[in-house]
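What follows is each chain in one-letter form.
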Amino acid sequence: MIEIKNIHKAFGDHQVINGVTAEFHPGITNLIIGGSGSGKTVLLKCMVGLHEPDQGNVLYNGRDFTRMNFEERIAIRKEIGMLFQGSALFDSMTVEENILFPLNMFTNQSAAEKLERANFCLERVNLAGKNHLYPSELSGGMKKRVGIARAIAMNPKYLFCDEPNSGLDPRTSIVIDELIAEITDEYQITTIVVTHDMNSVMGIGEKILYLHQGKKWWEGSNEEILSATNKELNDFIFASKFMKALKK
Amino acid sequence: MFFQPFGKYILLLKAVFRRPEKWSIYRKEILKEMVAIGVGSLGIITIISVFLGAVTTVQTAFQLVSNLVPRSVIGTIVRDSSILELSPTISAIVLAGKVGSSVASQIGTMRVTEQIDALEIMGINSPGYLILPKIIGAVTMVPLLVIISIALSITGGYFAGSLSGAVTAQDYIYGITTDFIPFTFTVCMVKSVMFAFIITTISAYQGYYTRGGALEVGISSTRGVVISCIMILCADYVIAQLLL
Ligand SMILES: Nc1ncnc2c1ncn2[C@@H]1O[C@H](COP(=O)(O)OP(=O)(O)O)[C@@H](O)[C@H]1O
Ligand SMILES: [Mg+2]
């Protein structure tokens, strides 16, 4: 479980995150939704320490990440997997080398064991046999899937995904979303997905947190979201004609 | 304006020299960098060095009008100026352009495409993993390149002298073999190591703190080269002043 308490983050005098408190439970897909520029990525990066929050605490199963020293943070980081908005694959390495990288760095398994794990992860994301391609040879959806494979290589307890389906066609998006939901359920990890995609919200949003101008405005599940009365949230989810028609 | 970047640079260096997660992986990276920097720069160093020696010979001969000074002095001058100044400094400036820009743009691209964040999330000390192998690669290979450069520069002078008739082969060889002060070579090696350190760390710093996109990567790369060149010449003066 991850708890965040009263997180604040400003860049210069631009207050991006303004006091967000929330809990994220294992085994379900937690979504953080909000418009572009609402601070979703910054909040996610505050949780994993890629940004230092100005104020507030981040607790991983009760352990306060914000107060940890370098070594303690490294230990927590090894339990974290993250899928980045642009996939962030190492482009000097093949698909296989990307997935082997954390294994090589942190485990003392034999080469055969590591390769077996890499192949298992690749199979899990339906990319078996693509071992020797370079990131530049992959499509957007394949890159995201390799990103997921790399994120789960070390059996993480916590999985963070930043816009896993931005820039993908609707069908590929759904494949990625479902993959994330399945993995979350299968290994009972604490998963936090940042998205602005309503298909994802309705598809896998077991718990949703709506962020707007650095604040939490609404919290609930995808079953409750369409009947929510919060004005800011309604402006966001019913922005498109399609969603408006659906409401009627 | 100056102190803040300098402080950030020092902090980055501190992070670079943290204990590596796993030496075997770092060793592989170091070898890769040594090949890239050493073998990769051999061609350009060869070309510039031969010309450096040739030009120094011809120009020294031109300035040497008095008959009281023996022609062999040309050889001595080529040798000493190659060792003390031309080979280390000009090589370093050229390497700042070649190695520095590639270090800055490589690390800068990794920054803007979040590959550095990906390393950090895995629990890897990204400055150490990305920058340390480059520093070690450069600090070991640049002095070797400079030694090669000195040899080639003196050879270039030999051919230019003989071909143009400015100095006979015999005089030239007599010149380069007399009055050698071994300490000049020590100064040369100190310079080479310092310059290698300057090129890699300054360019890596520029790349590591890139923010934005492709345009900013280009800016970082240019900055890395320009600041490295300025710092190389400053360090050149300081080392000369302190050691000679
Ligand atoms: N490193 C940074 N420095 C300054 N401002 C930033 C930085 N990162 C994000 N911001 C600002 O924070 C705001 C929220 O950004 P972000 O979290 O990326 O939005 P999104 O919700 O689309 O992911 C934006 O206005 C952006 O300009
Ligand atoms: Mg974002």
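Attention here is on the structure that accompanies the text. Model, not experiment: these values are computed from the prediction.

### Concerning the site of ligand 1
Alright, step 1. Taken together, Phe11, His14, Val16, Gly35, Ser36, Gly37, Ser38, Gly39, Lys40, Thr41 and Val42 of chain A together with Arg211 of chain B form the complete shell of residues around ligand 1.
Alright, step 2. Lying at an intersection of chains, ligand 1 is approached by residues of chains A and B.
Alright, step 3. One of the backbone N or O atoms of Ser38 of chain A is found 3.3 Å from an oxygen atom in ligand 1.
Alright, step 4. Here Thr41 of chain A contributes a side-chain N or O atom positioned 2.6 Å from an oxygen atom of ligand 1.
Alright, step 5. Protein burial of ligand 1: of its 560 Å² of free accessible surface, 67% is covered by the chains.
Alright, step 6. Looking at the shell around ligand 1, the elements that each hand over two or more residues are strand 2 (14-24) and helix 1 (40-48) of chain A.

### Comments concerning the pairing of strand 4 (residues 55-60) of chain A
All names here are of chain A.
Alright, step 1. Judged from the five bridges that link them, strand 1 (residues 2-11) and strand 4 form a sheet pairing that is antiparallel. Residue Glu3 lies in a different strand from strand 4, and its bridge partner there is Leu59.
Alright, step 2. Relative to strand 5 (residues 63-64), strand 4 is paired through two bridges, and the arrangement is antiparallel. Residue pairing in the sheet places Tyr60 in a bridge with Arg63 of strand 5.
Alright, step 3. The antiparallel hairpin formed by strand 4 and strand 5 contains two residues in its connecting segment, where Asn61 sits at a positive phi of about 45°.

### Things to note about the nonpolar core
Alright, step 1. Met47, Tyr60 and Phe160 of chain A together with Tyr129 of chain B are the most contacted members of the largest nonpolar core, which totals 92 residues.
Alright, step 2. Of all the elements, helix 5 (residues 126-164) of chain B adds the most residues to this core, at 12 residues.
Alright, step 3. The contact partners of Phe160 of chain A, leaving out residues within four places of it in the chain, are Ile2, Leu44, Met47, Val48, Tyr60, Ile80, Gly81, Met82, Leu83 and Ile192 of chain A.
Alright, step 4. Residues Leu89, Val95, Ile180 and Ile189 of chain A belong to the second largest nonpolar core, which totals 43 residues.

### A closer look at the interface of chain A and chain B
Accessible area lost on assembly of the parts is the figure often given for the size of an interface.
Alright, step 1. With 25 residues of chain A in contact, the opposing surface of chain B contributes 19 residues.
Alright, step 2. Between chain A and chain B, the buried area comes to about 1,900 Å², and carbon and sulfur atoms account for 66% of it.
Alright, step 3. Sorting the residues of chain A by area buried against chain B places Arg77, Phe90 and Met105 of chain A first, and these three jointly supply 29% of that buried surface.
Alright, step 4. Linking chain A with chain B are three salt bridges, by the criterion used here.
Alright, step 5. A salt bridge links Lys45 of chain A to Asp117 of chain B; the shortest N-O distance between them is 3.0 Å.
Alright, step 6. On inspection of chain A and its partner chain B, the count reaches six residue pairs in polar contact (both at pLDDT 80 or more).

### Re the sheet that holds strand 4 of chain A
Residue and element names in this part refer to chain A.
Alright, step 1. Overall, antiparallel pairing links the four strands, which are arranged 2-1-4-5 in an open sheet. The open sheet has two edge strands with one neighbour each: strand 2 and strand 5.
Alright, step 2. As paired strands, strand 1 and strand 2 are joined by eight bridges and run antiparallel to one another. Considered in strand 2, the bridge of Ile2 is made with Phe24.
Alright, step 3. The strands touched by helix 1 within the sheet are strand 1, strand 2 and strand 4, with strand 1 carrying the most contacts at an inclination of about 120°.

### What to know about the packing of helix 3 (residues 95-106) of chain A against helix 4 (residues 111-124) of chain A
Each pair of packed helices can be described by the angle between their axes along with the distance between the axes.
Residues and elements named next belong to chain A.
Alright, step 1. Contact geometry for helix 3 and helix 4: axes closest at 9 Å, N-to-C directions at 125°. Put simply, helix 3 runs oblique to helix 4. Taken as a pair, helix 3 and helix 4 cross one another with a handedness that is right-handed. Seen from helix 3, the contacting residues are Val95, Glu96, Ile99, Leu100, Leu103 and Asn104; seen from helix 4, they are Lys114, Leu115, Arg117, Ala118, Cys121 and Leu122.
Alright, step 2. Counted by class, the contact of helix 3 with helix 4 contains eight nonpolar, one polar and three charged residues.

### Comments concerning the pattern of salt bridges
Alright, step 1. Throughout the structure, instances matching the rule amount to 19 salt bridges over all chains.
Alright, step 2. For Lys32 of chain B, the salt bridge identified is with Glu29 of chain B, shortest N-O distance 3.3 Å. On the criterion of helical spacing, the pair formed by Lys32 of chain B and Glu29 of chain B is a turn pair, its members being three residues apart in helix 2 (residues 23-63).
Alright, step 3. Among the charged side chains, a network of salt bridges with common partners joins Lys45 of chain A together with Arg111, Glu114 and Asp117 of chain B.

Rules behind the numbers
- Residues numbered from 1 in each chain as written.
- Chains lettered and ligands numbered in written order.
- Predicted model: local features only at pLDDT ≥ 70, side-chain atom pairs only at ≥ 80, totals over all residues.
- Heavy atoms only, no water.
- Near = heavy atom within 4 Å.
- Polar contact = N/O pair within 3.5 Å; in protein donor to acceptor, adjacent residues only side chain to side chain.
- Areas by Shrake-Rupley, 256 points an atom, 1.4 Å probe, with all protein chains shown as cover.
- Helix = DSSP H or I, 4+ residues; strand = E, 2+ residues; numbered from the N terminus.
- Pairing = 2+ DSSP bridges.
- Core = buried A, V, L, I, M, F, W, Y, C linked by side-chain atoms within 4.5 Å.
- Buried < 20%, exposed > 50% of the residue type's maximum accessible area, 1.4 Å probe, protein only.
- Contact = heavy atoms within 4.5 Å.
- Buried area = accessible area lost by both parts, 1.4 Å probe.
- Salt bridge = Lys/Arg side-chain N within 4 Å of Asp/Glu carboxyl O.
- Axes fitted to C-alpha atoms, helices over the stretch in contact; angles between N-to-C directions.
- Parallel < 35°, antiparallel > 145°, perpendicular 65-115°, else oblique.
- Left-handed = near helix turned anticlockwise from the far one by under 90°.
- Nonpolar A, V, L, I, M, F, W, Y, C, P; charged D, E, K, R; others polar.

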